[in-house]
Amino acid sequence: MEFDELIKKRRSCRAFKPVPVTEDQLQAIVTAGQWAPSPLNEQPFEFISVTDPAVKAQIQKTGIEAKQIIEDNNGPAWAKKYPMNFIGEAPLILVVVYNPNKGGLGNYFGQPHGALQSTSACIQNMLLKATDIGLDSLWFTFFNPASLKTVLDIPTELDVAGAVLIGTPAMEAKAPPRRSPKIHRDRFSKE
Ligand SMILES: Cc1cc2nc3c(=O)[nH]c(=O)nc-3n(C[C@H](O)[C@H](O)[C@H](O)COP(=O)(O)O)c2cc1C
């Protein structure tokens with residue numbers, strides 16, 4: 001797909017058809033992720049590919065728990081209505097974890113986010129690859145990472161960057177509008 005078209009065609013998908021993601025598609029997507037830049041080329045990320053309906057249901061449950069936490073803490077009303085059922089229906093959930101200690105040299109000068117920055121680039125590569133091969137995706141973070149780590153036996157020293165839902169879209173999602181890019185020239189200006 002042409003690059004600019006690909007960038008704009010990628011859409012967050014919240015309704016999937018029950019069509020499995022093939023092993024070739026999975027490999028193409030994670031390979032795109034692996035080619036993301038990382039500080040010192042440390043490639044701090046790993047992937048957990050979830051297709052077992054029972055495990056997907058447990059991930060969905062962590063989302064339902066997160067909704068309750070928001071409600072208990074008087075969070076925004078819309079969060080209560082967020083539908084979690086599509087989580088368990090996604091054909092593939094790729095949970096992306098990373099080692100926060102593999103962030104290059106930033107810790108020496110107050111920039112400790114290198115590993116998460118790299119993992120975010122990895123995820124974006126994967127979202128774009130999914131679109132490129134005719135699938136849709138969602139970068140999902142509506143869960144308590146501690147609960148997800150327990151569900152998936154993720155080692156304590158790793159952090160969770162997100163659960164990437166992937167599959168064939170059940171409907172075409174509308175593109176939320178973008179603001180015009182705000183470019184400051186030479187220095188940050190307040191206008
Ligand atoms: C770090 C991150 C976390 C996100 N978490 C969620 C989420 O938990 N649930 C959800 O429905 N969308 C989530 N999104 C998707 C955004 O809502 C979506 O990207 C935004 O509304 C723009 O829509 P588009 O992706 O279709 O262009 C997340 C996006 C990012 C980058």
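Now for a look at the structure at hand. Just so it is clear, the model here is predicted, and its values are computed rather than measured. Counting restarts for each chain, with residues numbered from 1 along the sequence as it is written. A pLDDT threshold of at least 70 governs which residues receive local features in this predicted model, and a stricter bar of 80 or more applies before side-chain atom pairs are shown or counted, although totals over entire chains, interfaces and linings include all residues. Only heavy atoms go into the side-chain values, all of them from the structure, while hydrogens and water stay out.

**Some words on the site of the ligand**
Counted only if it meets this: Proximity criterion: a residue is near a molecule or strand once any of its heavy atoms comes within 4 Å of it. Two N or O atoms form a polar contact when they lie within 3.5 Å of each other; inside protein one atom must be a possible hydrogen donor and the other a possible acceptor, and for residues adjacent in sequence the pair counts only when both atoms belong to side chains. Only the protein chains shown count as cover for residues, and the accessible areas themselves come from Shrake-Rupley with a 1.4 Å probe. Side-chain classes are defined by residue name, with Ala, Val, Leu, Ile, Met, Phe, Trp, Tyr, Cys and Pro counting as nonpolar, Asp, Glu, Lys and Arg as charged, and the others, Gly among them, as polar.
Looking at the ligand, the residues that line it are Arg 10, Arg 11, Ser 12, Arg 14, Tyr 82, Leu 138, Trp 139, Phe 140, Thr 141, Phe 142, Pro 176 and Arg 178. The contact in question runs from an oxygen atom of the ligand to an N or O atom on the side chain of Arg 10, over 2.9 Å. Trp 139 places a polar main-chain atom, nitrogen or oxygen, 3.1 Å from a nitrogen atom of the ligand. Here the ligand has 620 Å² of accessible area as a free molecule, and 68% of this is covered by the chains. Residue classes in the shell around the ligand are distributed as six nonpolar, two polar and four charged.

**As for the side chain of Thr 119**
For clarity, the threshold we go by: Going along the chain from the N terminus, every DSSP run of H or I of four or more residues is numbered as a helix, and every run of E of two or more is numbered as a strand. Burial here depends on accessible area, computed with a 1.4 Å probe over protein chains only, as a share of the maximum for the residue type. Under 20% is buried, over 50% is exposed, and the range in between is partly exposed. Note on contacts: a residue pair is in contact if any heavy atoms of the two residues lie within 4.5 Å.
Note that Thr 119 resides in helix 6 (residues 114-132). The exposure class of Thr 119 is buried, given its relative accessible area of 0%. When residues no more than four places from it in sequence are discounted, the contact partners of Thr 119 are Pro 44, Phe 45, Val 96, Tyr 98 and Ala 161.

**Re the sheet that holds strand 4 (residues 159-167)**
So the rule is basically this: Two strands are said to pair when DSSP picks up at least two bridges between them. In this analysis, axes come from line fits to C-alpha atoms, helices being fitted only over the stretch in contact, and the angle between any two N-to-C directions falls in the range 0 to 180 degrees.
If you trace the four strands from one edge of the open sheet to the other, you get 1-2-4-3, paired in antiparallel fashion. Edge positions in the sheet fall to strand 1 (45-50) and strand 3 (136-140), since each has one partner strand and no second. In this sheet, neighbouring strand axes are inclined to one another by 25° on average, regardless of whether the strands run parallel or antiparallel. Two strands pair when backbone bridges link them, and strand 3 and strand 4 are joined in this way by five bridges, in the antiparallel orientation. Pairing of Asp 136 across the sheet is with Gly 167, part of strand 4.

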